[in-house]
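# Architecture and fold: a report
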Amino acid sequence: MLIREAEASDWAQIWPFMHRIVAAGDTFTYPADMDEKQAHDGWLLASPDRTVVAVDDTGTVLGTAKMNRNHMGNAAHIASASYMVDPAHSGQGVGRALCEYSLEWARDQGYRAMQFNAVVETNTRAVRLYESLGFGVAGTLQEGFRHPEHGYVGLHIMYRTL
């Protein structure tokens, strides 16, 4: 697996799985009916932020991550990131590789910590992954997310120093 800067041509592979993930409405706070232009403009970030893809040896996009400053001003030293893995490639270490990559990127950019603002508590695979990489739950907004199956569930803020 290779992680590299996302190129405009990668969008054709990103959008189909991103659309399915967002439309499911169970892991991201994006509107389930988010259109392609909104998704494109919100995911493919310009420098100094970064969007990457994880690809296999045939060039197939397995997953993607976007990395950015979480806050401005006197809190601009805190990074954030979001990850999407094509469900067809789930369980193959793509999410872990993207998360590890984003942590290294943040360190290299001089960030002092990384914060995830909205991790749905029922997304237990993501919570376990982040915890295994040193993140902790800084707080939970009780009933902060309306899950399509479970109703109102907590929304974690997860954090780790770099």
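Residues numbered from 1 in each chain as written. Predicted model: local features only at pLDDT ≥ 70, side-chain atom pairs only at ≥ 80, totals over all residues. Heavy atoms only, no water.

## Side note on the overall build of the chain
Helix and strand counts for the chain come out as 4 helices and 7 strands. Helices (α) and strands (β) of the chain occur, in sequence order from the N terminus, as β-α-α-β-β-β-α-β-α-β-β. At 15 Å, the chain has a C-alpha radius of gyration in line with the 15 Å of a compact globule built from 162 residues. A principal-axis box enclosing the C-alpha atoms of the chain has dimensions of 40 × 40 × 30 Å. Looking at the chain alone, contacts between residues at least 24 apart form 60% of all its contacts between residues at least 6 apart. On the chain, roughly 8,500 Å² of surface is accessible, and the fraction owed to carbon and sulfur atoms is 49%. Across the chain, the 13 positively charged side chains and the 19 negatively charged ones have centroids separated by 6 Å. (Helix = DSSP H or I, 4+ residues; strand = E, 2+ residues; numbered from the N terminus. Rg over C-alpha atoms; globule rule 2.2 N^0.38 Å. Contact = heavy atoms within 4.5 Å. Areas by Shrake-Rupley, 256 points an atom, 1.4 Å probe, with all protein chains shown as cover. Lys, Arg positive; Asp, Glu negative; His and termini not counted. Charge placed at Lys NZ, Arg CZ, Asp CG, Glu CD.)

## Digging into helix H3 (residues 94–108)
The terminal C-alpha atoms of H3 lie 21 Å apart, and with 15 residues this matches the ideal 21 Å at 1.5 Å per residue to within 8%. Regarding H3, the residues found buried are Val 94, Gly 95, Ala 97, Leu 98, Cys 99, Ser 102, Leu 103, Trp 105 and Ala 106. Positive phi appears at Gly 110, one or two residues downstream of H3, with a value of about 90°. (Expected span 1.5 Å × (residues − 1). Buried < 20%, exposed > 50% of the residue type's maximum accessible area, 1.4 Å probe, protein only.)

So yeah, pure geometry; function would need other evidence.
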